[in-house]
Amino acid sequence: YTFNLRDLSKVFLGTHLAPANMEEGHKLVRIWSNEQLRVFHDRLIDEPDRAWFCKLLCEQIEKHCKDKVSKVFGHLPGAKAGEKGSATFKDLLVGDWMVPGADKRVYDEIIDEEK
């Protein structure tokens with residue numbers, strides 16, 4: 001795999017688009033994780049590499065955020081099951097399309113899939 005600084009800048013750009021008035025600190029970690037997954041994980045071609053990446057992401061979250069992955073991602077089914085792999089992040093959605101026609105699009109975590 002070949003990654004460069006442009007890929008890393010995409011992670012920072014996506015994280016920078018997060019809402020400024022977040023009330024919950026874990027939301028920024030989830031948005032950052034989503035950016036990591038979209039930029040790096042989605043380009044990995046075999047399952048062992050994707051599993052390794054998810055395990056590494058979980059380890060880094062626990063190391064630097066000082067919280068368990070199950071607490072940060074507790075509302076997701078994979079995290080509730082206590083898994084630390086691709087299943088943990090499978091249902092994580094972030095986007096800016098939830099308010100059609102909005103003047104300012106808000107890049108935020110999508111929790112309610114019914115909308």
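The rules behind these values
- Residues numbered from 1 in each chain as written.
- Predicted model: local features only at pLDDT ≥ 70, side-chain atom pairs only at ≥ 80, totals over all residues.
- Heavy atoms only, no water.
- Core = buried A, V, L, I, M, F, W, Y, C linked by side-chain atoms within 4.5 Å.
- Buried < 20%, exposed > 50% of the residue type's maximum accessible area, 1.4 Å probe, protein only.
- Helix = DSSP H or I, 4+ residues; strand = E, 2+ residues; numbered from the N terminus.
- Contact = heavy atoms within 4.5 Å.
- Salt bridge = Lys/Arg side-chain N within 4 Å of Asp/Glu carboxyl O.

Below, the discussion takes up the nonpolar core. If you look at soluble globular proteins, the nonpolar side chains tend to sit buried side by side. Counting 18 residues, the largest nonpolar core has Leu37, Phe53, Leu57, Ile61, Phe73 and Phe89 as its most contacted members. Listing elements by their share of this core, those giving two or more residues are helix H2 (25-39), helix H3 (47-65) and helix H4 (69-72). In terms of residue count, H3 provides more of this core than any other element does, five residues in total. Sequence-distant contacts of Ile61, defined by excluding residues within four places in its chain, comprise Val29, Trp32, Ser33, Lys66, Asp67, Val69, Val72 and Phe73.

So, on to the side chain of Gln36. Mapped onto the fold, Gln36 is located in helix H2. According to the relative accessible area criterion, Gln36 is buried, its value standing at 10%. Every residue in contact with Gln36, bar those within four places of it in the chain, is listed here: Val11, His41, Phe53 and Leu57.

Let us now look at the pattern of salt bridges. Pairing is possible between side chains that carry opposite charge, provided their charged atoms lie close to one another. Applying the stated criterion to the full structure yields seven salt bridges. For Glu47, the salt bridge goes to Arg50, with nearest N and O atoms at 3.2 Å. With a gap of three residues between them, Glu47 and Arg50 both fall in helix H3, about one helical turn apart. On the basis of relative accessibility, which here comes to 42%, the residue Glu47 falls in the partly exposed class. Looking at Arg50, the relative accessible area reads 21%, which means it is partly exposed. Its salt-bridge partner being Lys55, residue Glu59 comes within 3.1 Å of it at the nearest N-O pair. Here Glu59 and its partner Lys55 are both found in helix H3, four residues apart, which amounts to about one turn of the helix. A relative accessible area of 38% places Glu59 in the partly exposed class. For Lys55, a relative accessible area of 48% puts it in the partly exposed group.

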